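Okay, here's what each chain looks like letter by letter:
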Amino acid sequence: MAAESVTGTVRPPAGGARPRTLADTRAKSRPFEDPERLTTHSRIVHDTVAEIEGRVAHAGLIAAAPSFWSWVRRAAILHDTGKVAEGFQRQLPPGGPPWGERHEVLSLAYVDLLAEAAGWSDADRLMIGTLVASHHRSLHSASGYSAGKPSLSELYNQHTRWDEAFTLTPGPEGPQVQVPRSVHRELLAWLAGALTTDPPPQTPGAPTLAERAGRFLHHLLENWRRPVKPDHGLLAVLAQGALTLADHAGSAHVPLQTHMPLDTDYFARLPYRPYPHQGQAAGTDGHLILMAPTGSGKTESGLAWAARQLATMRGRPRLVWTLPYRASLNAARLRLQRDLVPASGDRAPDIGLLHGTVAHTLLTQAVEDDCGPDQGEPTAAHARQARARAGAMRLFTQRLRVATPHQLLRAAIAGPAYSSVLLEQANSLFVLDELHAYEPETFGRLCAAMGLWERLGSRVAVLSATLAPPMTRLIDESLAQQVTSHRAPPGTSPVRHRLVLDEEPLDSPGSLSRVRDWLAEDHSVLAVVNRVAVAQQLYAELADDARKSRPDDPHAALLLHSRFKNRDRDAIEKNLLRRHPERRHGETDRRGGLVVATQTVEVSLQLDFDRAAVECAPVEAVAQRAGRVNRRGLHPEGPVEFRVHRATADLPYDAGAMAAAWQALTDLVNDGADTLSEEDIDRLLAAAYDSPWGVAWAEAARRARDEFTAGFLTFTDPFHDRSEFADRLNETFDSVDVLHHEDVNEYRLRTTGKRGDPLLAAGLLIPLRHHQLRTYGAQWDRALRVHVIHLGTYAADTGLTPPAGTGSIPPQEPETIL
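Small disclaimer: the values here were computed from a predicted structure and weren't measured. (Residues numbered from 1 in each chain as written. Predicted model: local features only at pLDDT ≥ 70, side-chain atom pairs only at ≥ 80, totals over all residues. Heavy atoms only, no water.)

1. A short note on the pattern of salt bridges
Enumeration according to the criterion identifies 47 salt bridges in this entry. Note that Asp263 and Arg269 form a salt bridge whose closest N and O atoms lie 3.6 Å from each other. A salt bridge links Asp502 to Arg643, with the nearest nitrogen and oxygen atoms 2.9 Å apart. You can see Asp502 sitting in strand 10 (residues 497-502) and its partner Arg643 sitting in strand 15 (residues 640-645), a full 141 residues away along the chain. You'll find Asp502 and Arg643 in the same group, each marked buried. Beyond isolated ion pairs, a larger network of salt bridges with shared partners links Asp112, Glu116, Arg125 and Arg212. (Salt bridge = Lys/Arg side-chain N within 4 Å of Asp/Glu carboxyl O. Helix = DSSP H or I, 4+ residues; strand = E, 2+ residues; numbered from the N terminus. Buried < 20%, exposed > 50% of the residue type's maximum accessible area, 1.4 Å probe, protein only.)

So, in structure tokens, the structure goes:
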């Protein structure tokens, strides 16, 4: 067993040192006045597993493994036992010397001892040991070395001197005994009690802790070196996610919420007579595809569907509402807060909002631990990690969350940081709002994710005003269980628009003159273009005209695109919703005012305008833009003018999609159509997707689905480092949050200190495309963990403008979609 006991404590009491006991053994460096004890932390994590089990239950694939939650509970008791080592204890106080070993490796010795004493099966021993070993680091690298932190197979190998690492460690003051015998015996007794088994016998000549740890780690590494069956690998990753989530929650002392803001009687409490399609959604069990016009209550339909599922699913399912544009997330969150039910004692429902870069930072930091040697200055590192754990838990605690699919797809990376995200996708409800908005590669990957979610016992609803037949077929193919499709009946929405096609660009002199005339007549006008730089120029041309027509209105002219700081965009969205709400019955006054926007205006914002001039875009985007004009058909003039201008460039869309849309619109007008009804939109979709471009679109989406499934969602190597996959996925989505150099000091103040938190600083971040980082002079700040841009100017009303010398409209300036 371990060598003889030595004197050593984390914080020796006044009057001199005494032999360390189990009560003196700490798991954390915080709170500084009384750091958390190892036994306390282990018990908290164990109890948190019960909360997670109550949420996820035995959903989907987990039902095939009756021992699943037993594995996680036992691993929770054992996961940090290696922190009993003297080297770990000495590094915990501020300024303590880094230990340089991995505590989870020493923990394997205690797994081995307790498995032997309790008579666990080989399968149980293997899985519990795997969870303990992998809760901070990957077991293997992907290709000989890890793109992220070194894997355990890189840190411990044939060159490791195990006795020096975990028994007697050489030091300047003589050999250091890592595990005092008396503390070892106390810990074994405590573990036996916690696991309701007899303590391991004290057998002369038995292997040392170091020998047990080395042998067990070698066994695990060999077992997971070769590919395994996909279901076995996925089950192991889910168990890893359960343990890491429990560890995050236990470390942060943040409980998982049980309150669901969506009541199961939501549909019965609607304050109006529901549309037929809303009733159909509310009566659907299982997966749903719903196609209904903008302004006909799709959001309420999705909520009614989710409420129905909540009543029939086990555990406490989560509801995840996804939107294609990050610029739409907060508006959706505010709407749900307005319409749903807060927990007792709260003023508003607690609805999560997932920010991409911030979430990645928090999840990455949260799985770091105190083992060093890459920990840096201990006090700052420990404080940062504690904040990260608390912040990361706020990504999980709510039962209703609004997000883009990017973070959901990142769960495919798995590993210690993202396996908890994957677990949270089990026993959940996913509402994919406006699914049409994605290019074929992302659409295909989302279909692959739907298949995975189904395997995890989750259900999916797809809502859209414009879903082409190839899309519905691909969704249906991707799900094994029945998919119920409902479509709003003809006439659900009145004819709202007079369609006009215009060959002139929207920013031509004649087009600008027409918009100025509308503003002078006190119409409210929406102008939508496809690129941020064009939107900024158009706003500069027309804003003063809008202000002249409404001189006392501070929001007479507004600009919305993706390249605002999060906090500024949130303020603009609030002003938009107040300034241009849906027209009510009997309302006849003209409203005036101008909004210039990119496609960020197409989703989730319930806006209403008198006139619109928009650039041509794919058919779905054109229909969404029309849905913000005379939204419910209540304009006193009846159908109002909706003018579609030929675009001068295809970006950010595919050239084939743009050509197919313009041809379909032209054919519609040539056939005599002068309005844009819901039936007309169906004709446009059919024409566009029957074109060679549409056929190629469906083939590309199906290929992307299959490749993503094979490359990311098979989990045949579940404990290999997948950091390189994370990089590939980021590049695939081509989106990154950046910080303007003028905001560095404020960002640092918000993220550091006792109350610092990356979530508090999220309002300062600006979305960019990866390929634009060089244009804006971006540099990675290692301390802040964010790209800082040093070029380009920023204003709260116009957003980020490209640096001088890149051209008035850079050739690669598309809207940031995700």
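2. Considering the sheet that holds strand 11 (residues 525-528)
The strands making up a sheet associate through hydrogen bonds between their backbones, and the pairing can be parallel or antiparallel. Read from one edge of the open sheet, 6 strands run 10-15-14-11-13-12, paired in parallel fashion. The open sheet has two free edges, formed respectively by strand 10 and strand 12 (557-560), since each of these has just one partner strand. Taking each pair of neighbouring strands and ignoring which way they run, the sheet shows an average axis angle of 15°. Packed on one face of the sheet, helix 21 (residues 532-549) meets strand 11, strand 12 and strand 13 (594-597) and runs near 165° to strand 12. (Pairing = 2+ DSSP bridges. Axes fitted to C-alpha atoms, helices over the stretch in contact; angles between N-to-C directions. Contact = heavy atoms within 4.5 Å.)

3. Notes on the environment of Phe564
Within the secondary structure, Phe564 is located in the loop between strand 12 and helix 22 (566-579). Residues Phe564 and Ala795, 231 residues apart in the sequence, show an inter-C-alpha distance of 8.6 Å. Contacts of Phe564, omitting those with residues within four sequence positions, involve Leu559, Arg569, Ile572, Leu765, Ile766, Pro767, Tyr794, Ala795, Ala796, Asp797, Thr798 and Gly799.

4. Digging into the sheet that holds strand 5 (residues 352-353)
Read across the sheet, 7 strands follow the order 5-6-4-7-8-3-9 without closing on themselves; strand pairing throughout is parallel. Each end of this open sheet is capped by a strand with a single partner; those strands are strand 5 and strand 9 (483-487). The sheet contact formed by strand 3 (residues 287-291) and strand 8 (residues 459-464) spans 4 bridges and is parallel. Paired with Ile289 across the bridge in strand 8 is Val462.

5. Description of the packing of helix 1 (residues 38-56) against helix 2 (residues 68-78)
In a pair of packed helices, the angle between the axes and the distance between the axes together describe the arrangement. Across the interface, helix 1 lies against helix 2 with an axial gap of 7 Å and an inter-helix angle of 160°. It follows that helix 1 is roughly antiparallel to helix 2 by the angle criterion. In this structure, the crossing between helix 1 and helix 2 has a hand that is right-handed. Together, Ser42, Arg43, Val45, His46, Val49, Ile52, Glu53 and Val56 of helix 1 and Trp69, Val72, Arg73, Ala76 and Ile77 of helix 2 make up the contact between the two elements. (Parallel < 35°, antiparallel > 145°, perpendicular 65-115°, else oblique. Left-handed = near helix turned anticlockwise from the far one by under 90°.)

6. Concerning the packing of helix 4 (residues 103-118) against helix 9 (residues 209-223)
Across the interface, helix 4 lies against helix 9 with an axial gap of 7 Å and an inter-helix angle of 90°. Put simply, helix 4 runs roughly perpendicular to helix 9. Contacts between helix 4 and helix 9 involve Val105, Leu106, Leu108, Ala109, Tyr110, Val111, Asp112, Leu113 and Glu116 from the first element and Leu209, Arg212, Ala213, Phe216, Leu217 and Leu220 from the second. Counted by class, the contact of helix 4 with helix 9 contains 12 nonpolar, no polar and 3 charged residues. (Nonpolar A, V, L, I, M, F, W, Y, C, P; charged D, E, K, R; others polar.)

7. Description of the packing of aromatic side chains
A complete count under the given rule lists 12 aromatic pairs for this structure. Ring centres of Tyr689 and Trp693 lie 5.0 Å apart, and the angle between their planes is 55°; this geometry places the pair in the tilted category. Judged by centre distance (4.7 Å) and plane angle (25°), the ring pair of Phe708 and Phe712 falls under stacked. Of this pair, Phe708 and Phe712 both sit in helix 26 (residues 692-712), separated by 4 residues, roughly a single helical turn. Residue Phe712 is classed as buried on the basis of its relative accessible area, which comes to 7%. (Phe/Tyr/Trp six-rings, centres within 6.5 Å; stacked < 30°, edge-to-face > 60°.)

8. What about the confidence of the model for the chain?
Looking at the chain, the pLDDT average stands at 87 and 87% of residues meet or exceed 70. Note on residues 1-16: pLDDT is under 50 here. Beyond four places in sequence and across chains, it has 44 contacts. Predicted confidence is poor over residues 373-390, with pLDDT under 50, and the contacts of this stretch with residues over four places away or in other chains come to 46 contacts. (pLDDT = per-residue confidence, 0-100.)

9. Details of a negative patch on the surface
Taken together, Glu439, Glu441, Asp650 and Asp654 make up a surface patch of like negative charges. Locating Glu441 in the fold gives a position in helix 18 (residues 440-455). Owing to a relative accessible area of 31%, Glu441 belongs among the partly exposed residues under this scheme. (Patch = residues over 30% accessible without salt bridge, like charges linked within 9 Å, V, L, I, M, F, W, Y side chains within 5 Å. Areas by Shrake-Rupley, 256 points an atom, 1.4 Å probe, with all protein chains shown as cover. Lys, Arg positive; Asp, Glu negative; His and termini not counted. Charge placed at Lys NZ, Arg CZ, Asp CG, Glu CD.)

10. Observations regarding the pairing of strand 18 (residues 778-781)
Looking at chain direction, strand 18 and strand 19 (residues 786-789) are connected through 4 bridges and run antiparallel. Residue pairing across strands places Asp781 opposite Val786, the latter belonging to strand 19. Between strand 18 and the antiparallel strand that follows it, strand 19, lie 4 residues; Arg785 among them carries a positive phi value of about 60°.

11. What to know about unusual backbone geometry
Cis geometry marks the peptide bond from Leu651 to Pro652, where omega comes out at 10°. By the secondary structure assignment, Pro652 is in the loop between strand 15 and helix 24 (655-670). If you check the backbone angles, Thr196 has positive phi at about 50° while not being a glycine. Assignment of secondary structure puts Thr196 in the loop between helix 8 (181-194) and helix 9. In this structure Thr196 comes out as exposed when scored by relative accessible area, which is 72%. Phi is positive for Asn427, close to 55°, though the residue is something other than glycine. Along the polypeptide, Asn427 turns up in the loop between helix 17 (415-423) and strand 7 (428-433). Its relative accessible area of 2% is what places Asn427 among the buried residues.

12. Some remarks on helix 19 (residues 469-478)
All of the buried residues along helix 19 are Pro470, Met471, Thr472, Leu474, Ile475 and Ser478. Its buried side turned inward, helix 19 meets strand 3, helix 18, strand 8, helix 23 (619-626), helix 25 (678-689) and helix 26.

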